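# An overview of the molecular structure
Here's the letter readout for the chains.
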Amino acid sequence: MPELPKRKVGIVACSGEEIAEGTVTRLAALRVLHDLRPEDTVTICLPLFLAGGEGDRAFARFYPTVTIDGCEKRCAAHGTATYSAEPAASVVVSELVAECGLGAVEGRRRLNDAGRQAVEATAERVVALVDGLLKPPSGRRFAATLPSAGP
Amino acid sequence: MIKRVSNETVVIPCSGIGKPFGSVSREAAYEVVDALRPNRAHLVALSRLVLGDDEARDAVASRPVVTIDGCKLACAAKMAKASGAREVRELAVIDTFRRHPKLKPEGIAELNEAGQQLARVLAEEIAEIVDAHAGREGTDA
């Protein structure tokens, strides 16, 4: 039986170097990619949608994508939608911080305590979205996980 | 005659999170704008240029720009030019590393000491460029 490629979710962080919440997006993405869901996620640098080739621009058409933005400008979500495909889900750190009552995130170079908590909260939110996207529809199983497709 | 708004230098680091060189580019940029030349250089996030943010485009179009790329794809340099930058000094972390091969960066979320040192060396190079920009007249022929 042929081995079908494993379905994965794409993570696109805004990386917003000007603000501390941008640092949160990078660290949260890395936490998901390296520690929490390494087998289920892949990433691409946001600027590659413009600076890269057609293969890079196909990223969100190939992978259901979760964008992580630092602020309400939503550069990652808009950029992904404009140059690749509409993201499947998105997280905005500034909104999540307010929702969780974490306090002011500061320190774009070295995050304060609120910033480090925001990294964990953001990573947890992204993991929940990734798991939801990879969960098979109720009553069905993914073709990629079926042991046999025979009658 | 092209009128420049300012001789303050715009610094644009790489946004990459896949390799330590991307982290070195950001650390170097922060060292310049936060510590070495806080009044002469400021940072513009690459993501705002991807979005086509007017304020960010105006900044790169009206000021000298230093881009710091972490890999050969050179997203920062390409995006700066595509956003209307007229004067772009393109730096790559790999070039600084080749001059200082003992400073091998490791770690992405947290750079090792060698990576921190490499970033400081790169930041000193950028500070010299910033000084050169600041020493010029406010207009270009």
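So, a few notes on the structure that sits alongside this text. Given the structure is predicted, the values throughout are model-derived calculations rather than measurements. (Residues numbered from 1 in each chain as written. Chains lettered and ligands numbered in written order. Predicted model: local features only at pLDDT ≥ 70, side-chain atom pairs only at ≥ 80, totals over all residues. Heavy atoms only, no water.)

## A word on the state of the cysteines
Per the stated rule, a full pass over the model turns up 0 disulfides over all chains. Not engaged in a disulfide, the cysteine Cys45(A) finds its nearest cysteine sulfur in Cys75(B); these two sulfurs lie 5.9 Å apart. Assessed through its relative accessible area of 23%, Cys45(A) is described here as partly exposed. For Cys75(B), a relative accessible area of 9% translates into the label buried. (Disulfide = S-S within 2.5 Å. Buried < 20%, exposed > 50% of the residue type's maximum accessible area, 1.4 Å probe, protein only.)

## Some remarks on the environment of Arg110(A)
Residue placement: Arg110(A) occurs in the loop between α6 (93–100) and α7 (113–134). In this structure, the C-alpha to C-alpha distance between Arg110(A) and Lys135(A), residues 25 residues apart in sequence, is 36 Å. With residues up to four places along the chain from it excluded, the contact list for Arg110(A) reads Glu27(B) and Gln116(B). Engagement of the side chain of Arg110(A) in a polar contact is seen with the side chain of Glu27(B), the distance being 3.2 Å. (Helix = DSSP H or I, 4+ residues; strand = E, 2+ residues; numbered from the N terminus. Contact = heavy atoms within 4.5 Å. Polar contact = N/O pair within 3.5 Å; in protein donor to acceptor, adjacent residues only side chain to side chain.)

## Comments concerning unusual backbone geometry
Residues and elements named next belong to chain A. Here Ser15, not a glycine, exhibits a phi torsion of approximately 70°, which is positive. Structurally, Ser15 is set in the loop between β1 (9–13) and α1 (20–36). Owing to a relative accessible area of 1%, Ser15 belongs among the buried residues under this scheme.

## A few points about α1(A)
Its 17 residues place the ends of α1(A) 22 Å apart at the C-alpha level, agreeing with the 24 Å of an ideal helix rising 1.5 Å per residue. Burial runs high along α1(A): 12 of the 17 residues are buried. Taken as a whole, α1(A) has its buried residues at Ala20(A), Glu21(A), Gly22(A), Thr23(A), Val24(A), Thr25(A), Arg26(A), Ala28(A), Ala29(A), Leu30(A), Val32(A) and Leu33(A). Packed against the buried residues of α1(A) are β1, β2 (41–43), β3 (65–69), α6 and α7 of chain A together with α1 (20–36) of chain B. (Expected span 1.5 Å × (residues − 1).)

## A closer look at the pairing of strand β4 (residues 89–92) of chain A
Residue and element names in this part refer to chain A. As defined by bridge partners, β3 adjoins β4 across 4 bridges and the pair is classed as parallel. Counterpart to Ile68 in the pairing with β4 is Val91. With helix α5 (residues 75–83) bridging β3 and its parallel neighbour β4, the resulting β-α-β unit is right-handed. (Pairing = 2+ DSSP bridges. Right-handed = clockwise from strand over helix to strand, strands pointing away.)

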